[in-house]
Every structure is written in structure tokens, then in C-alpha cells.
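Chain residues, written in single-letter form:
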Amino acid sequence: MTISVHGLAVSRGIAIGRAVIVASSRVDVAHYFIPVDQIESEIERLRQARNAVAEEITKVQHSLHDLGPNDAHPELTALLDVHLMLLQDEQLTSGVKHWIIDRHYNAEWALTTQLEVIARQFDEMEDPYLRERKADLEQVVERMLRFMRGVASPVAAGAEDPRHSGDGSAEAPLVLIAHDLSPADMLQFKQSVFAGFVTDVGGKTSHTAIVARSMDIPAVVGARSASHIIKQDDWVIIDGDAGVVLVDPSPILLAEYGFKQRQGEVERERLSRLKNTPAVTLDGQKIELLANIEQPEDTAAALKAGAVGVGLFRSEFLFMGRSGNLPDEDEQYQAYCRAVEGMQGLPVTIRTVDVGADKPLERGVSRSGEDHLNPALGLRAIRWSLAEPSMFLAQLRAILRAAAHGPVNLLIPMLAHASEIRQTLALVGRAREQLDNAGTPYGHVKLGAMIEVPAAALTIPLFLRHFDFLSIGTNDLIQYTLAIDRADEAVSHLYDPVHPAVLHLLAGTISQCNAQGKGVSVCGEMAGDVSLTRLLLGLGLRSFSMHPSQILAVKQQILRCDTTRLQTWAQSVLAAEDPAALMTD
Ligand code: PEP
Ligand code: MG
């Protein structure tokens, strides 16, 4: 029977495939396919891991035994017996082999997949003693994974899908189902085999959702209990446009969604013809369409979509998931240079590191004892940079050096105070000085500030005095104006881009920049939402920065617009009590 699970639509399109359930704690396990001739050696890696863990446990058992009857801990001895038993468990062994032999999963992936299958069975057990054995199984698997980390598979992750080689009989696509995915996990999945994903938690503009959009794969977040309802290997349809997940779909539904999927492909193909068409409105207004990127390699997609520059390089993705080992100046410099070279002479706007809130440096790691604090209001973005001046100076030097290789703009996130502006500018000056003293070449950068906090939007003249351009981060501006955590699906219905308060801050920022002839763009998700393109044009916006995957659809909309007419209409939307009601006019 088909079950439908509802969540938030975050990344368009339809994906149809078999579910791969991944526990949140294990999303960093490598997922890749192994070639057929590697099956035996992959099973051997598993066997070695199992033997090594069994040996470890036996050794502990012996040492306990040597302690003599008075010091031996009977509970521990019994526990170790259980662990040994679980290690030899037929269901675990044969299940893991099945995933390797029949699905060509690498050993770690096969092991965690089978763990999920058995863990579900434990969850359903009546007997609390047996139910608790799930934790033991998890520990045993964790030990095997730890062993395997030291014995890497000869097959490189990210290699081509070997299932598609040979007789050409491609197997079913796979979709990922997880309770939660951090933005850093998402980056890992960028190179992975999944055709779509679903998470139980997350808001529409959470960074996990943002990376999904940049990957251009169908995704639904905030689907609450999806990871419990969906079972390993279930057939699933992800409707990324409607925010619906269909589990175990009937043949009729499969046919219907298969048709929709092909229609989507035809539409993309049609849009791709607009790549070289200039983004000019019917009344001759030239509109700048820029790309948001997370990694230097994303510049290829930006150029492919016809972007005329990068409007937002979220540099923090270089800093995440590195176990505290942050990239040094040279590593950053190389990365920024790759982005600059990738854009072939078009400008690249590099935003200084914006970690914190829903972008922790490490998954699940918060500063100890501070779980009761709200990280969105804490030490994030520029606040963190100013608290870590040597880290910040290294980043500034790396960006300035990269600017010697092509046009670079430097963008600062989340400024709100004049003192923060002064400190930031002083550090930019200091970074230049350090490069001068060292005789290191660097280039000129235009300096920009993000308007993401109501306090900033209400003091635009201050920002215009100090910066060359402004970029409106609507994701955060909405979050902070409406007091809605952008990553919390429980309040996502209140996250309203056309709330009159948001529109007034947006309109005021755009008009003040335009009046002074200073560049202003929107780089939040509003810029890539085609249902808002007309409104933003009507409010005077001429520069939009968004994921490459959204550029052509927004361009199509722009080509149909007349800004003089939109201007009057936008004023009526701005004055309305319920602007959303006028949006379809
Ligand atoms: C924003 O807040 O709109 C923005 C572009 O920055 P981020 O989404 O990375 O916080
Ligand atoms: Mg932001």
C-alpha cells in the first residue's frame, strides 16, 4: 500500500528509486559502488574487520579472566559474550554480503545498511532486554567501521558507478533517507550516488536545503517521521516540487511520476537554450544574474548556467567537517584561485567565513555546556571572525592574494554594529599591510557588506559610507525579522518572505543603494524563487545571486517582465496588509 509522507519542498524535480536509510551518526561513512571483480576483496575486508574486533574482545575477556574471580565483572563478561555473539550473527553476516554481492555497495556502506535493517527489528521487539541489544549491535558495528577506516578499500569514492558498466543494464537509482544531514554531510553527498534525499528535520532555507538546491537533486526536508516509516530498500518517489514522499508507490503512481520526471527533463532542456540570451527585461533593463557557490568546483555549473559572475561564495564550506584542522592561508588561497580561474575573468564575490547557527564546524558539536543557547544569536559569522583575528587575517590575506588573479569582491556576513564595521575594515587594512611587509602580491577588492539583520537594514546610510556594495541575505534577514529559526520545520509555516516587515526592509535597502548609485544584490533564496522575481524587479533590484540550477528559470521570467509596470504594482504589494494575496496579480 502506498504511504505518503509530507514535508517541505526544497529542491525541485522528481526522483524515483530505492531507499537507503542512513543513521545521522553514520552519514560520514563512505558510500560508493565497487566493481564486480572487487566483490571478493570487499568481503575479505569485512572478514578481517570482524576477526580483528573478535580478537580485541577475546583479549579483553582473557584479561578479565586473569584478574581472578574476585575482580572479574560478571556484567562486563556477559556483555562481551553478547558482543562476540552479535559479531558472528548470521543475519548480520549474510545481510552485509547481500548488499555487497547483489548491490555492489562498499563494505562500510553494506555494514551500516544491514545495521539499520536489524536495528529496526530490535526497535519492534516487546522484550526490553532484547530491545536494548540494539546499542550493543551499534557498538560492534562501530568497532568494525573503526578498523576498516585504517584499511581503505582500493576503490576510490566518487569513482564512476561500476554497476552501469558492462552489459549496460543500469540498476535502480538510490535515494537517501536520513533523520538529519548537516551541511558538511551534504557536501560529501555532492560526489555521491544518490538521486534525491529526504530528511525528517530541517527548514526550507536551512543550509542542508540550500546545498540540496545547489546539487540540483529533488529533496524534501522536515518530513518528520520519514526515516522511521520508510524501510531499507523500499521503493520511494520524492516529489521535490510538492514536498511529498510516496513510499511503496503503486504501478499507476510510478507511471504518473515517471511521466512527470521526463516532462521535467524536457523543460530543463528547453531552458538550457536561454543560456546565452542576455537577461534583459521587455523595457530594456539589464539584469545581472550571478551564482551562489559552496566550492570552487561549482564554478563549472555557474558558467554552464550562463552566470555573469559569482555573487556569493560561501567560504565556510572550506572550513567544515575537518575535525578542527582549519584550512590555512595557502590552502584557502589555492581554493579561491581555483574559483577565480574557474570563472574565466568574471567577478567572484567571496564571503568571509560564516560558521555557527546551522553551520557548525563539526557535525553535532556545540561548545560544551552551551546547548541551552541559541546559536543563531550567538558567535556566528563576522562575530566569530572578529573573535578569532588571526584566523580572520589569514582568510583576508588569502582572498586579497587571490584577487591578483582576477576580479574579486570581498563580502562580510552579518554585520550590525558600527564598531564591527570599524574592526573589520581595520583588519582588512592590517591584512594588506602584512602582505606589503612580506612583499607578497595581492589585488584590489571591492568591499561589500551583507544586510542580514534588521539592525543593518535600518541603518543603511552607515553601511553605504563604508562599503562599495551591499548584498541582502534574505534567508537570515527573514529569520531575524520574524524571529523564526530557518532550520526549524516546526515554525517553517511562519517563515514568510513577503511579510510586510521583510518587504519594507528589502525595499528600503534597495532604494537607498539605487539612490546613491551603489551596487545592491539579493543573494538569499528569494533571488532564485521565480514566484518572487517580478516583485524584486518592481522594488528596483537589478542584481540577483542564486544557485546555478535556478538561473535559467529566473532569466525566463525576467525576459517576460516590464519593470515600469512592475514598479507601480510592487508599491501596492508593499502597502498591502496581506501582500501574498496580491502576488498572483
Ligand atoms: C542569507 O542569509 O540570505 C545568505 C545568503 O547567507 P546564508 O544563507 O549562507 O546564511
Ligand atoms: Mg546569511
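Rules used in this analysis
Residues numbered from 1 in each chain as written. Chains lettered and ligands numbered in written order. Predicted model: local features only at pLDDT ≥ 70, side-chain atom pairs only at ≥ 80, totals over all residues. Heavy atoms only, no water. Helix = DSSP H or I, 4+ residues; strand = E, 2+ residues; numbered from the N terminus. Buried < 20%, exposed > 50% of the residue type's maximum accessible area, 1.4 Å probe, protein only. Contact = heavy atoms within 4.5 Å. Areas by Shrake-Rupley, 256 points an atom, 1.4 Å probe, with all protein chains shown as cover. Lys, Arg positive; Asp, Glu negative; His and termini not counted. Charge placed at Lys NZ, Arg CZ, Asp CG, Glu CD. Donors = N, O, S within 2.8 Å, 3.2 Å for Na, K, Ca; no water. Axes fitted to C-alpha atoms, helices over the stretch in contact; angles between N-to-C directions. Left-handed = near helix turned anticlockwise from the far one by under 90°. Nonpolar A, V, L, I, M, F, W, Y, C, P; charged D, E, K, R; others polar. Near = heavy atom within 4 Å. Polar contact = N/O pair within 3.5 Å; in protein donor to acceptor, adjacent residues only side chain to side chain. Expected span 1.5 Å × (residues − 1). Arc of directions from axis to C-beta. Domains from an automatic or database assignment. Parallel < 35°, antiparallel > 145°, perpendicular 65-115°, else oblique. Salt bridge = Lys/Arg side-chain N within 4 Å of Asp/Glu carboxyl O. Pairing = 2+ DSSP bridges. Phe/Tyr/Trp six-rings, centres within 6.5 Å; stacked < 30°, edge-to-face > 60°. Lys NZ or Arg CZ within 6 Å of the ring centre and 35° of its normal. Disulfide = S-S within 2.5 Å.

A few points about the overall build of the chain
Point 1. Secondary structure summary: the chain contains 22 helices and 16 strands in total.
Point 2. Along the first, second and third principal axes, the C-alpha atoms of the chain reach 85 × 65 × 45 Å.
Point 3. Among the 585 residues that make up the chain, the fraction classed as buried is 54%.
Point 4. Look at the contacts in the chain between residues 6 or more apart in sequence, and 72% of them connect residues 24 or more apart.
Point 5. Carbon and sulfur atoms provide 54% of the accessible area of the chain, an area that totals close to 25,200 Å².
Point 6. Distance from the positive charge centre (53 side chains) to the negative charge centre (74 side chains) of the chain: 7 Å.

Focus: the coordination of the magnesium ion (ligand 2)
Point 1. Every protein donor of the magnesium ion (ligand 2) is accounted for by E452 (OE) and D476 (OD), and the metal-donor separations fall at 2.0 Å. Placement of E452 in the loop between β13 (445-451) and α15 (454-457) and of D476 in helix α17 (residues 474-482) is noted, with a sequence separation of 24 residues between them.

Observations regarding the packing of helix α13 (residues 389-402) against helix α14 (residues 418-438)
Point 1. Following both chains from N to C, one finds α13 and α14 inclined at 65 degrees, their axes separated by 9 Å at the closest point. Between α13 and α14 the crossing geometry is right-handed. Together, F392, L393, L396, R397, L400 and R401 of α13 and T424, L427, V428, R430, A431, R432, Q434 and L435 of α14 make up the contact between the two elements.
Point 2. When the residues that make up the contact of α13 with α14 are grouped by side-chain class, the tally is eight nonpolar, two polar and four charged.

Some details on the site of ligand 1
Point 1. With respect to spatial proximity, 17 residues lie near ligand 1, and among them R314, R351, E452, N475 and R486 are the closest.
Point 2. Between ligand 1 and R351, the relevant distance is 2.8 Å, taken from an oxygen atom to a side-chain nitrogen or oxygen of the residue.
Point 3. Measuring from an oxygen atom of ligand 1, one finds a backbone N or O atom of T474 at 3.1 Å.
Point 4. Summarising the interface, the protein chains cover 100% of the accessible area of ligand 1, which totals 290 Å² for the free molecule.

As for the side chain of H83
Point 1. Mapped onto the secondary structure, H83 falls in helix α2 (residues 74-88).
Point 2. Given the relative accessible area of 3%, H83 is considered buried.
Point 3. Within the local environment of H83, its side chain forms a polar contact with the side chain of D136, the two groups lying 3.2 Å apart.
Point 4. Ignoring any residue separated from it by four or fewer positions in sequence, one finds H83 in contact with I57, D136, Q139, V140 and R143.

Brief notes about helix α9 (residues 251-272)
Point 1. A rise of 1.5 Å per residue sets the reference length of α9, with its 22 residues, at 32 Å; its end C-alpha atoms lie 32 Å apart and thus fit the reference within 8%.
Point 2. For α9, the set of buried residues is Y257, G258 and L271. The arc that holds the buried residues of α9, viewed along the axis, is 145 degrees, so those residues lie on one side. Seen from the open side of α9, the exposed residues pointing more than 90 degrees away from its buried face are P251, I252, R262 and V266.
Point 3. Packed against the buried residues of α9 are β3 (14-22), β7 (235-239), β8 (244-247) and α20 (548-559).

Looking at the domain arrangement of the chain
Point 1. Splitting the chain by domain gives domain 1 (3-25 + 171-269), domain 2 (36-148) and domain 3 (276-578).
Point 2. Spacing between the C-alpha centres of domain 2 and domain 3 amounts to 47 Å.

Points about the packing of α9 against α20
Point 1. In the contact formed by α9 and α20, the axes pass within 9 Å of each other and the chain directions differ by 65 degrees. In terms of orientation, α9 and α20 fall into the roughly perpendicular class. The handedness of the crossing between α9 and α20 comes out as left-handed. Facing α9, whose interface residues are E267, R270, L271 and S272, α20 presents L552, A553 and Q556.

Some details on the pattern of salt bridges
Point 1. As enumerated under the stated definition, the model contains 23 salt bridges in all.
Point 2. Across the pair R45 and E108 runs a salt bridge, and its minimum N-O distance is 2.6 Å. In this pair, R45 is assigned in helix α1 (residues 39-66) and E108 in helix α4 (residues 107-123), connecting sequence segments 63 residues apart.
Point 3. With a relative accessible area of 7%, R45 lands in the buried category.
Point 4. Connected through salt bridges with shared partners, the residues E316, R351, D354, R380, D476 and R486 form a single ionic network.

Some details on the sheet that holds β8
Point 1. The sheet built from eight strands is open, its strands ordered β1-β8-β7-β3-β4-β5-β6-β2 with mixed pairing. The open sheet terminates on both sides in strands that have one partner only, identified here as β1 (3-6) and β2 (8-11). Taking the axes of each pair of neighbouring strands and ignoring which way they run, one obtains an average angle of 30 degrees across the sheet.
Point 2. Here β2 runs beside strand β6 (residues 219-221); their pairing, made up of three bridges, is antiparallel. Counted as the bridge partner of A9 is V220 from β6.

A look at the packing of aromatic side chains
Point 1. Here the structure, examined in full by the defined rule, presents seven aromatic pairs.
Point 2. Ring plane angle 5 degrees and centroid distance 3.7 Å describe the contact between Y105 and W109, whose orientation is recorded as stacked.
Point 3. With centroids separated by 5.9 Å and ring planes inclined at 80 degrees, the aromatic side chains of F313 and Y336 adopt a geometry described as edge-to-face. A residue pair is termed long-range when its members are at least 10 positions apart, and F313 in strand β10 (residues 310-314) and Y336 in helix α11 (residues 329-342) qualify at 23 residues. As far as the burial class goes, F313 and Y336 line up, both buried.
Point 4. An aromatic cluster is defined as three or more aromatic residues linked by ring pairs; in this entry it consists of F33, W99, Y105, W109 and F194.
Point 5. Over the ring of Y333 we find R401; its NZ or CZ atom is 4.0 Å from the centre of that ring.
Point 6. In this arrangement the basic side chain of R534 is found over the ring face of W569, its NZ or CZ atom lying 4.5 Å from the centre.

Topic: the environment of E269
Point 1. By the secondary structure assignment, E269 is in helix α9.
Point 2. Judged by its relative accessible area of 49%, E269 is partly exposed.
Point 3. Along the backbone, E269 and T58 are 211 residues apart, and their C-alpha atoms lie at a distance of 60 Å.

Remarks on the state of the cysteines
Point 1. Evaluated as defined, the whole model comprises zero disulfides.
Point 2. As a non-bridged cysteine, C513 has C523 as the owner of its nearest cysteine sulfur, 13 Å distant.

Regarding α17
What sets the pattern is the α-helix's 3.6 residues per turn: residues three or four places apart point alike.
Point 1. Judged by how many residues are buried, α17 sits mostly within the fold: eight of nine residues are covered.
Point 2. Buried within α17 we find T474, N475, D476, L477, I478, Q479, Y480 and L482.
Point 3. Directly after α17, the chain includes A483, whose backbone phi takes a positive value near 55 degrees.

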